[in-house]
Amino acid sequence: GYDKDLYGTNRLHVLSRDGNTQIPISVVYRKDTMEKVEEAGQPVPVHLYGYGSYGSSIEADFSSSRLPLLNRGIIYVIAHVRGGGELGRAWY
């Protein structure tokens, strides 16, 4: 089964390549995987997903299909890029 205490999530912002825009990202991970990063500085694989077009949003919701990735030590990240509707019409 699924033990929610094994997993964590963060909502962060990263600076765009041009240095002008903060891009929101949603991060989901196993807590033991993130400890490797935070405590030991150990690199871990990341699956980065992003889509932004026609005002379509990618919601940061629970999906059991991501659990096999997380259980293999992969951090899953959704970039809420411009073109989506996450931050309203001005973000589009």
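Since the structure is predicted, the reported quantities are computational estimates derived from the model, not experimental observations.

### Points about the overall build of the protein
Point 1. Along its length, the protein carries 2 helices and 4 strands.
Point 2. Relative to all contacts within the protein whose residues are 6 or more apart in sequence, the contacts with residues 24 or more apart total 61%.
Point 3. Counting only carbon and sulfur atoms, one obtains 51% of the accessible surface of the protein, whose full area is about 6,200 Å².

### Focus on the pattern of salt bridges
Point 1. Going through the model one piece at a time under the given rule, you end up with 1 salt bridge.
Point 2. Residues D32 and R30 are paired through a salt bridge, measuring 3.0 Å at the closest nitrogen-oxygen approach.
Point 3. Among the residues examined, D32 registers a relative accessible area of 37% and is labelled partly exposed.
Point 4. Here R30 falls in the buried class, since its relative accessible area comes to 17%.

### Concerning the sheet that holds strand β3 (residues 46–50)
Paired through their backbone hydrogen bonds, the strands of a sheet run either parallel or antiparallel.
Point 1. Taken in spatial order, the 4 strands line up as β1-β2-β4-β3 in an open sheet, and their pairing is mixed. Among the strands making up the open sheet, the edge pair consists of β1 (7–15) and β3. Recorded for the sheet is a direction-independent mean angle of 20° between the axes of neighbouring strands.
Point 2. In this sheet, strand β4 (residues 75–79) lies alongside β3 in parallel orientation, the contact comprising 5 bridges. Bridge pairing in β4 links G50 to A79.

### Details of the packing of aromatic side chains
Point 1. By the definition in use, this model includes 1 aromatic pair.
Point 2. Judged by centre distance (5.6 Å) and plane angle (20°), the ring pair of Y2 and Y7 falls under stacked.
Point 3. You can call Y2 partly exposed: its relative accessible area is 43%.

### Describing the environment of M34
Point 1. With respect to the helices and strands, the residue M34 is situated in helix α1 (residues 31–40).
Point 2. Along the backbone, M34 and G8 are 26 residues apart, and their C-alpha atoms lie at a distance of 8.7 Å.
Point 3. Excluding residues that lie within four positions of it along the chain, M34 makes contacts with V27, Y29 and I75.

The rules behind the values
- Residues numbered from 1 in each chain as written.
- Predicted model: local features only at pLDDT ≥ 70, side-chain atom pairs only at ≥ 80, totals over all residues.
- Heavy atoms only, no water.
- Helix = DSSP H or I, 4+ residues; strand = E, 2+ residues; numbered from the N terminus.
- Contact = heavy atoms within 4.5 Å.
- Areas by Shrake-Rupley, 256 points an atom, 1.4 Å probe, with all protein chains shown as cover.
- Salt bridge = Lys/Arg side-chain N within 4 Å of Asp/Glu carboxyl O.
- Buried < 20%, exposed > 50% of the residue type's maximum accessible area, 1.4 Å probe, protein only.
- Pairing = 2+ DSSP bridges.
- Axes fitted to C-alpha atoms, helices over the stretch in contact; angles between N-to-C directions.
- Phe/Tyr/Trp six-rings, centres within 6.5 Å; stacked < 30°, edge-to-face > 60°.

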